[in-house]
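Per-entry structural report
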Amino acid sequence: MLVLVAPGQGAQTPGFLTPWLELPGAADRVAAWSDAIGLDLAHYGTKADADEIRDTAVAQPLLVAAGLLSAAALGDDLAPGVVAGHSVGEFTAAAFAGVLDDTAALRLVRTRGLAMAEAAAITATGMSALLGGDPEVTVPHLEKLGLTAANVNGAGQIVAAGTLEQLAALEADKPEGVRRVVALKVAGAFHTHHMAPAVTKLEEAAALLSPAAPTTRYVSNKDGQVVMDGAEVVSRLVGQVANPVRWDLCMETFHDLGATALIEVCPGGTLTGIAKRALPGVSTIALKTPDDLDAARTLVAEHAAV
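All of the points below concern the structure found in this document. (Residues numbered from 1 in each chain as written. Predicted model: local features only at pLDDT ≥ 70, side-chain atom pairs only at ≥ 80, totals over all residues. Heavy atoms only, no water.)

**Brief notes about the overall build of the protein chain**
Put simply, the rule reads: Each helix corresponds to a stretch of at least 4 residues labelled H or I by DSSP, and each strand to a stretch of at least 2 residues labelled E; elements are numbered beginning at the N terminus. When we talk radius of gyration, it's over C-alpha atoms, and the globule rule is simply 2.2 Å times the number of residues to the 0.38. Residue exposure (1.4 Å probe, protein chains only): buried if accessible area is under 20% of the type maximum, exposed if over 50%, otherwise partly exposed.
Scanning the protein chain from N- to C-terminus turns up 13 helices and ten strands. The C-alpha radius of gyration of the protein chain comes to 18 Å, within 12% of the 19 Å expected for a compact globule of 306 residues. Each principal axis of the C-alpha atoms in the protein chain carries an extent, and together these give about 50 × 45 × 35 Å. Burial analysis of the protein chain (306 residues in total) assigns 56% to the buried set.

**Some thoughts on the layout of surface pockets**
Put simply, the rule is: Here a cavity denotes grid points, spaced 1 Å and computed from the protein atoms alone, that fit a 1.4 Å probe unable to get out, and a pocket denotes an open set having protein on both sides within 12 Å along at least 5 of 7 lines; residues with an atom within 4 Å of a point are the lining. Grid points are joined across faces, edges and corners, and a volume is the space filled by probe spheres set on the points.
If you add up the space inside the largest pocket, you get close to 580 Å³. Residue lining of the largest pocket: 31 residues in total, with Ala-129, Gln-157, Val-159, Leu-184 and Thr-270 positioned closest to the centre. When residues of the lining of the largest pocket are traced back to their parent elements, those giving at least two are β3 (125–132), β4 (148–154), β5 (157–163), β6 (178–183) and α12 (270–278). Lining the second largest pocket are Leu-4, Ala-71, Ala-72, Gly-75, Asp-76, Leu-78, Ala-79, Pro-80, Phe-96 and Thr-216.

**Examining the sheet that holds β4**
The test is simple: The pairing criterion for strands is at least two bridges between them, as found by DSSP. Lines fitted to C-alpha atoms define the axes, with helix axes restricted to the stretch in contact, and inter-axis angles between N-to-C directions lie between 0 and 180 degrees.
Ordered in space as β4-β5-β3-β6, the four strands form an open sheet in which the pairing is antiparallel. Looking at strand neighbours, the two that pair on one side only are β4 and β6, the edges of this open sheet. If you compare each strand with its neighbour and ignore which way they point, the axes differ by 25° on average. As defined by bridge partners, β3 adjoins β5 across seven bridges and the pair is classed as antiparallel. Of the residues in β5, the one forming a bridge with Leu-130 is Ile-158.

**With respect to a nonpolar patch on the surface**
Going by this rule: Patches here are clusters of residues that have more than 30% relative accessible area and form no salt bridge, with a 9 Å joining cutoff for like charges and a 5 Å cutoff for nonpolar side chains (Val, Leu, Ile, Met, Phe, Trp, Tyr). Throughout, the Shrake-Rupley method with a 1.4 Å probe supplies accessible areas, and for residues the shown protein chains are the sole cover considered. Salt bridge, as used here, is a side-chain nitrogen of Lys or Arg placed within 4 Å of a carboxyl oxygen of Asp or Glu.
Taken together, Val-226, Met-228 and Leu-257 make up a surface patch of nonpolar side chains, about 210 Å² in accessible area. Structurally, the position occupied by Leu-257 is in the loop between α11 (247–256) and β9 (261–264). Judged by relative accessible area, which is 30%, Leu-257 ranks as partly exposed.

**Quick notes on the environment of Val-178**
Our working rule: Should any heavy atoms of two residues lie within 4.5 Å, those residues are counted as being in contact.
Topologically, Val-178 is positioned in strand β6. Sequence separation between Val-178 and Val-137 is 41 residues; the distance between their C-alpha atoms is 9.7 Å. Excluding anything up to four places from it in sequence, Val-178 contacts Leu-130, Leu-131, Gly-132, Gly-133 and Thr-138.

**Overview of the nonpolar core**
The nonpolar side chains of a soluble globular protein tend to be buried with one another. Selection rule: Each nonpolar core is a collection of buried residues, namely Ala, Val, Leu, Ile, Met, Phe, Trp, Tyr and Cys, held together in the definition by side-chain atoms within 4.5 Å.
The biggest cluster of nonpolar side chains holds 80 residues, and the ones touching the most others in it are Tyr-218 and Ile-263. Those residues in contact with Tyr-218 that lie beyond four places of it in its chain are Val-83, Glu-90, Ala-93, Ala-94, Ala-97, Gln-225, Val-226, Val-227, Met-228, Val-233 and Leu-237. By size, the runner-up hydrophobic cluster in this structure holds 18 residues, among which are Val-82, Met-251, Ala-259 and Leu-262.

**Remarks on the environment of Trp-247**
Tracing the chain through its elements places Trp-247 in helix α11. Considering only alpha carbons, one finds Trp-247 and Asp-102, 145 residues apart in sequence, at a separation of 23 Å.

**Looking at the sheet that holds strand β8 (residues 226–227)**
A sheet is described by the order of its strands in space; here six strands give the open sequence β8-β7-β2-β1-β9-β10, paired in mixed fashion. Of all the strands in the sheet, just β8 and β10 (283–286) have a single pairing partner and so form its edges. Pairing of β9 with β10 involves four bridges; the strand directions are parallel. Bridging across to β10, Glu-264 finds its partner in Ala-286. Lying on the sheet, α11 is in contact with β1 (2–6), β2 (82–85), β7 (217–219), β8 and β9; it crosses β2 at an angle near 170°.

**Re the pattern of salt bridges**
For the structure on display, the rule yields six salt bridges. Two residues, Arg-236 and Asp-223, come together in a salt bridge whose shortest N-O distance is 2.9 Å. Residue Arg-236 is located in helix α10 (residues 230–239), and its partner Asp-223 is located in the loop between β7 and β8; the two are separated by 13 residues in the primary sequence. A relative accessible area of 13% places Arg-236 in the buried class.

**Comments concerning the pairing of β1**
Most of β1 sits out of view: five of its five residues are buried. Both faces of β1 are covered, namely the face carrying Leu-2, Leu-4 and Ala-6 and the face carrying Val-3 and Val-5. Here four bridges tie β1 to β9, and the two strands are oriented parallel to one another. Opposite Leu-4, over in β9, you have Ile-263 as the bridge partner.

Structure follows, in structure tokens:
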């Protein structure tokens, strides 16, 4: 069974969209999306520097657009048995599942990015990845420092979120077994109580939508459960802004459902790296450039009907 996943914020790098815009019809599609959300996606995906695309209001719709574009490039035979996304990647996955059309997903994520950027500006906050360690030891240690385990990614990786002072204290006082603490390229403490103001704005935007029932099994970050009701998917997209991402539970569900292959859409790499450690025996492909499409299509042909 093929799993199609979309990465979250921090996966973007300067110019990463450039080769994808050279594919037939891609530039026109991105131009139409840009007009729909009032953001020049082509500019930010090709010419903007790292600081510009670190902006939450830019990064989030840019990542969703890249994911949609790269998945479309795989062709009409793409038929995953399961879809999921990490954090903002859940919006990409909601479009994959048919809950929202591409434009609706981009409009909603544009609202999310702007609202989360506003919430992040209230207090100086951030996120750091902890490599190694035991979650049973790490999570209580984070709570002692006033931090939140905002992403529990599995394979020995937890992302802590909180104020910059709290993250500095973490650097000086690592949990037992943690090898490194790496600051992430994000602008705030996402998936924590610091994002509560963004939830309200996202609720207002979501109320105007008419979500459809998923046509593919959608696995939620909230608890790793399969959700097959469109309104429930959107409700979870809204609430997830201020709640931890349980990617470890998502991967447990992939395993339980019989995953044999996993493709991570552009800008791929992070989730396939985790999957290689947490899902041994599952074939993986990360879409980084169009050069990866042929290998991904081979994986689709071998696993999509399983």
